[in-house]
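# Summary of structural features
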Amino acid sequence: MRLVHAFSAALLLASAAPAFASSCSEEIATLERRLDSAGAEKVTGKEPPGGPTSSNSPKALPTPPAGKPSDPAATPTAAGVKEARDLVEKARSEDKAGQADACRDTIMKAKEKAGALP
């Protein structure tokens, strides 16, 4: 009987394992996909390691919207993308150290530095 309870407990913990991923690690992954996108390649002039990624989202636009961002500060630059990549590495370290608030703050800064990527 105890074996059944132990098995049930193990199954319950295994099914909850994905819930242990921090929201910051999800934000890191999302921002990394943006920084490795074809839009980032267009801004930096460099192909990301492994080639550009796709969002694989049914909501993704086939081409970037025409025009410029309404906020000039949101215009992406190669230097901004590089700074964003550096901040992502810092956020990853903070996330591993269990510093969730610091990680989220760093990711917000990284998003600002990346700008509105095409």
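Described below are features of the structure shown in this document.

### Re the state of the cysteines
Under the criterion given, the structure shown has one disulfide. Across the disulfide, Cys24 is cross-linked to Cys103 (sulfur-sulfur distance 1.8 Å). Residues Cys24 and Cys103 are joined by a disulfide whose S-S torsion is about -85 degrees; by sign, that bridge is left-handed. With a gap of 79 residues between them, Cys24 in helix 2 (residues 23-35) and Cys103 in helix 5 (residues 100-114) connect regions that are remote in the sequence.

### Considering the environment of Lys109
Topologically, Lys109 is positioned in helix 5. The class of Lys109 is partly exposed, set by a relative accessible area of 47%. Sequence separation between Lys109 and Val88 is 21 residues, and the spatial gap between their C-alpha atoms is 9.3 Å.

### Comments concerning the nonpolar core
In terms of nonpolar packing, the biggest core is built from 15 residues, with Ile28, Leu31, Leu35, Val88, Ile107 and Ala110 touching the most fellow members. Elements with a contribution of two residues or more to this core: helix 2, helix 4 (78-96) and helix 5. Ranked by residue count, the leading element in this core is helix 4, at five residues. Excluding residues that lie within four positions of it along the chain, Ala110 makes contacts with Leu31, Ala84, Leu87 and Val88.

### Overview of the packing of helix 2 against helix 4
Contact geometry of helix 2 with helix 4 gives a least axis separation of 10 Å together with a crossing angle of 160 degrees. On the basis of the axis angle, helix 2 is roughly antiparallel to helix 4. Of the two possible hands of crossing, helix 2 and helix 4 adopt the one that is left-handed. Contacts between helix 2 and helix 4 involve Cys24, Ser25, Ile28, Leu31, Glu32 and Leu35 from the first element and Val81, Ala84, Arg85, Val88, Glu89, Ala91, Arg92 and Asp95 from the second. Considering only residue class, the contact of helix 2 with helix 4 consists of eight nonpolar, one polar and five charged.

The rules behind these values
Residues numbered from 1 in each chain as written. Predicted model: local features only at pLDDT ≥ 70, side-chain atom pairs only at ≥ 80, totals over all residues. Heavy atoms only, no water. Disulfide = S-S within 2.5 Å. Helix = DSSP H or I, 4+ residues; strand = E, 2+ residues; numbered from the N terminus. Buried < 20%, exposed > 50% of the residue type's maximum accessible area, 1.4 Å probe, protein only. Core = buried A, V, L, I, M, F, W, Y, C linked by side-chain atoms within 4.5 Å. Contact = heavy atoms within 4.5 Å. Axes fitted to C-alpha atoms, helices over the stretch in contact; angles between N-to-C directions. Parallel < 35°, antiparallel > 145°, perpendicular 65-115°, else oblique. Left-handed = near helix turned anticlockwise from the far one by under 90°. Nonpolar A, V, L, I, M, F, W, Y, C, P; charged D, E, K, R; others polar.

Function-wise, these values are silent; they only describe arrangement.
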